[in-house]
Amino acid sequence: IWTPLIIYAVPALKTYCIDVWNVDPDVSSIPSDVFLVVVIVLSLPLLFQKDLHALRHTCYVGFASLILLIVAISGKAYEVNFVTDVGIFQKKVKWMTDDINDIIFAFPIIALSFFSIYNVLSVHSSLVNPTRERVKFVLDSTIWICLILFYIVGLCGYLYAYEETKDNILLNFPLDYKMVAIGRLGFGFTLMFGLPLVFLPCREALLSIPGLVWNWWNAIEEEEVYSPPTPQSIHKSRKTGFTKDGHVVVNGIDFDEERPLLKRNSSIVPIEKVVIPSMIKMSQLA
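Residues numbered from 1 in each chain as written. Predicted model: local features only at pLDDT ≥ 70, side-chain atom pairs only at ≥ 80, totals over all residues. Heavy atoms only, no water.

### Structural notes on the overall build of the protein
- Within the protein, the regular secondary structure consists of 11 helices and four strands.
- In the protein, which comprises 286 residues, the share counted as buried stands at 25%.
- Long-range contacts, defined here as pairs at least 24 residues apart, represent 63% of the contacts in the protein between residues at least 6 apart.
- With the model as given, the accessible surface of the protein reaches about 20,700 Å², and the carbon-plus-sulfur share is 69%. (Helix = DSSP H or I, 4+ residues; strand = E, 2+ residues; numbered from the N terminus. Buried < 20%, exposed > 50% of the residue type's maximum accessible area, 1.4 Å probe, protein only. Contact = heavy atoms within 4.5 Å. Areas by Shrake-Rupley, 256 points an atom, 1.4 Å probe, with all protein chains shown as cover.)

Set out below in structure tokens:
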């Protein structure tokens, strides 16, 4: 995304690459690698943030860029199919692939797009009322919105270039098309600001490894006598169980109510008082 934009904005860089490095940016990947390193260096202050609060406004940039790209790509696809070359759809459309390699190549892209699921815990903790229904609504609506918007971009990008469609749909459009160029610029910033979303959970997991290894090593050296927790300690520390209405409460939060459980902890029935008698009755029936 960044390399064509930078070279288009600063034409002297292309001349410099050819004269000094003897490298053509349109053919070689060396300029792209250099710009990638520069982008990562510029992103370092964000990568060392302790939380994601500083990136709370980047979603608006990404969403606005996506809407702009949808309008631009849809307009170009309509122009090609209904104005410039009427009937091209029947001639060049390919409903499904006949090469298994295409499926093998495309499936990991779809699967890897769900690898940011580890951020769902931070999303859950950011909700005002993190009930089960609200979390489910946020996740379902987000997945459906992304599916619809990305499907429109992919479909319209294919209807614009057909068999000449590149891996990156945006590369099919010339940079002198201003709407696509602006959308690519905003999308580039979104991807750059999205690096901390992946880096922060990985960094926290990596930094927690020494502590986990130390605790595991000490647990091996010291022979600890296991003492099962009492119902009072579980109820006091976790506040987990069931309410009189049959609602499930985990860590003091009633996931079956519109609002988290804040003032009804005294009415919680510890989970062991419900599970253990049920198990005894089942064993007697057996």
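### Digging into the environment of P4
- Along the chain, the position of P4 falls in helix α1 (residues 2–9).
- Along the primary structure P4 and D26 are separated by 22 residues, whereas in three dimensions their C-alpha atoms are 8.6 Å apart.
- Discounting chain neighbours no more than four positions away, the residues touching P4 are L171, L175 and R184.

### With respect to the nonpolar core
- Counting residues in hydrophobic clusters, the biggest one holds 18 residues, and the most contacted among them are L66, L69, I70, I73, V153, F173 and V180.
- Here this core gets seven residues from one element, more than from any other, and that element is helix α4 (residues 58–84).
- Not counting the four nearest positions on each side in its chain, L66 is found in contact with L149, F150 and V153. (Core = buried A, V, L, I, M, F, W, Y, C linked by side-chain atoms within 4.5 Å.)

### Observations regarding the packing of α1 against helix α2 (residues 11–21)
- It is at 4 Å that the axes of α1 and α2 come closest, and there the two elements cross at 100°. Between α1 and α2, the angle falls in the class roughly perpendicular. Note on element contacts: α2 touches α1 through P11, L13 and K14, opposite I6, I7, Y8 and A9. (Axes fitted to C-alpha atoms, helices over the stretch in contact; angles between N-to-C directions. Parallel < 35°, antiparallel > 145°, perpendicular 65-115°, else oblique.)

### Comments concerning the pattern of salt bridges
- Throughout the structure, instances matching the rule amount to four salt bridges.
- The residue K76 makes a salt bridge to E79 at a minimum N-O spacing of 4.0 Å. With K76 and E79 both in helix α4, this residue pair falls three residues apart, about one helical turn.
- The salt bridge involving K94 is made with D98; its shortest N-O contact spans 3.7 Å.
- Its relative accessible area of 71% is what places D98 among the exposed residues. (Salt bridge = Lys/Arg side-chain N within 4 Å of Asp/Glu carboxyl O.)

### Details of helix α8 (residues 132–161)
- Its 30 residues place the ends of α8 44 Å apart at the C-alpha level, agreeing with the 44 Å of an ideal helix rising 1.5 Å per residue.
- Every buried residue of α8 is accounted for by V135, L149, V153, C156, G157, L159 and A161.
- Y162, located one to two residues past α8, shows a positive phi value of around 55°. (Expected span 1.5 Å × (residues − 1).)

### Things to note about unusual backbone geometry
- Even without being a glycine, Y162 presents a positive backbone phi close to 55°.
- Positionally, Y162 belongs in the loop between α8 and α9 (178–221).
- Its relative accessible area of 2% is what places Y162 among the buried residues.

### Looking at the side chain of K76
- Residue class for K76 comes out buried when judged on its relative accessible area of 18%.
- If we skip the residues at most four places from it in the chain, K76 touches Y160, F173 and Y177.

### Considering a nonpolar patch on the surface
- A contiguous nonpolar patch, built from Y16, V20, W21, I30, V34, V38 and L42 and spanning about 650 Å² of accessible area, is present on the exposed surface.
- At the level of elements, α2 and α3 (30–47) are the ones that each hand at least two residues to the nonpolar patch.
- The dominant element in the nonpolar patch, judged by the number of residues it contributes, is α3, at four residues.
- In this structure, L42 sits in helix α3.
- Here L42 falls in the exposed class, since its relative accessible area comes to 59%. (Patch = residues over 30% accessible without salt bridge, like charges linked within 9 Å, V, L, I, M, F, W, Y side chains within 5 Å.)

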